[in-house]
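Working through the structure, step by step
Now for the letters of each chain:
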Amino acid sequence: MPQRIIAVTSETADMALLLAGPDSMAGIAAGSQSPAMGMVPQLAQQVENTLPAGINPDAEQILSYQPDLVLTTSRHGGEKSAAEQLAAAGVPMIAFESADFGTPEAYAEALLKVGEAVGQQSAAEDYADRLRESIAEIDAQKSDQQPSVLVLMARGGNVMAMASDNMLPGLALRAGATDAAAAAGITSTGAIDAETLVRADPDIILLENFQGAGEEPFDELLSGTAVAEVPAIATHDVHLIEMTEASSVAGINLPTGYQKIMDIISK
């Protein structure tokens, strides 16, 4: 059983903390210690060594902790490069793709993979089963309502529309919504302006609460006169959704977020 696990991203750190506990962690992603980002921050805060946020992990720093297992993602070039260096050093490693955190079922499978790697298969199976069952119970609440939904996120001062391959819009579509982003020709997550927002014409807008920033990053776009007649804005059908409940880092908290989304869509 690994005793010096390094988890490079919050998603992987949270899974390892949940299953193996903080005493087995040699280092974790710093974001996991934040209640606004981590799934189990109270466990993460018990780990002394943290890796800085970003998409370019330092392979030498990771190796300095003498890990016996590294959990990482390979979504960006810097992550892939670090993973290659770690593999060359002979460190046991599991690298996840974005799709492994795109749906509750995919997350459950990723959790099982980590459980096997850290010698906690039974615990992983229990968490995965409970997650699947809770999601299925919420699925059964789906109504005939089919409002169009647009999901917005904010990063680095930019507001972006999320494509449906992300967890939050995926849950909205699963709850019965139609995809306003796709209707506006948005096929991948990217920056959105007032003209595109008007073209999307959503009945409901969901805002991802990234690291506790709240609605402020979206105020300039949503308060403009050019978008005042967009149905979601005109009827004040704009909702803030916690990233710790409905995103790639939400994990076992996904049923909480999905229920809130279902209630919004089905009202």
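Quick look at the structure, then. (Residues numbered from 1 in each chain as written. Predicted model: local features only at pLDDT ≥ 70, side-chain atom pairs only at ≥ 80, totals over all residues. Heavy atoms only, no water.)

**Some details on the packing of aromatic side chains**
- This model, assessed by the stated rule, comprises two aromatic pairs.
- A network of ring pairs unites the aromatic residues Phe96, Phe101 and Tyr107 as a single cluster.
- Above the ring of Phe210, the side-chain terminus of Arg155 is found at 3.6 Å from the ring centroid. (Phe/Tyr/Trp six-rings, centres within 6.5 Å; stacked < 30°, edge-to-face > 60°. Lys NZ or Arg CZ within 6 Å of the ring centre and 35° of its normal.)

**Some details on the nonpolar core**
- In terms of nonpolar packing, the biggest core is built from 52 residues, with Met15, Met25, Leu71, Val149, Leu168, Leu206 and Ile261 touching the most fellow members.
- Counting 21 residues, the second largest nonpolar core, distinct from the first, contains Ala154, Val159, Ile192 and Leu207. (Core = buried A, V, L, I, M, F, W, Y, C linked by side-chain atoms within 4.5 Å. Buried < 20%, exposed > 50% of the residue type's maximum accessible area, 1.4 Å probe, protein only.)

**As for the sheet that holds strand β2 (residues 25-29)**
- The strand order across the open sheet built from five strands is β3-β2-β1-β4-β5, with neighbouring strands paired in parallel fashion. Every interior strand has two partners, whereas the edge strands, β3 (50-51) and β5 (93-96), have only one.
- With three bridges joining them, strand β1 (residues 5-7) and strand β4 (residues 69-73) adopt parallel strand pairing. In the sheet register, Ile5 faces β4, and the bridge partner there is Leu69.
- Across the sheet, helix α1 (residues 10-20) lies against β1, β2, β4 and β5, angled at about 140° from β2, the strand it touches most.
- Across the sheet, helix α5 (residues 104-117) is in contact with β4 and β5; its angle to β5 comes to roughly 175°. (Pairing = 2+ DSSP bridges. Helix = DSSP H or I, 4+ residues; strand = E, 2+ residues; numbered from the N terminus. Contact = heavy atoms within 4.5 Å. Axes fitted to C-alpha atoms, helices over the stretch in contact; angles between N-to-C directions.)

**Topic: the side chain of Asp14**
- With respect to the secondary-structure elements, Asp14 resides in helix α1.
- When its relative accessible area of 1% is taken as the criterion, Asp14 is described as buried.
- At 2.9 Å, the side chain of Asp14 forms a polar contact with the backbone nitrogen of Met39.
- Leave out the neighbours within four places in its chain, and Asp14 touches Ser32, Met37, Gly38, Met39, Val40 and Val249. (Polar contact = N/O pair within 3.5 Å; in protein donor to acceptor, adjacent residues only side chain to side chain.)

**Looking at unusual backbone geometry**
- Within the chain, Gln66 stands out as a residue other than glycine whose phi angle is a positive 55°.
- Inspection of the secondary structure puts Gln66 in the loop between α3 (59-64) and β4.
- We classify Gln66 as exposed; its relative accessible area is 62%.
- Here the phi dihedral of His236 falls at roughly 60°; this positive angle occurs in a residue that is not glycine.
- With respect to the helices and strands, the residue His236 is situated in the loop between α11 (231-234) and β11 (238-242).

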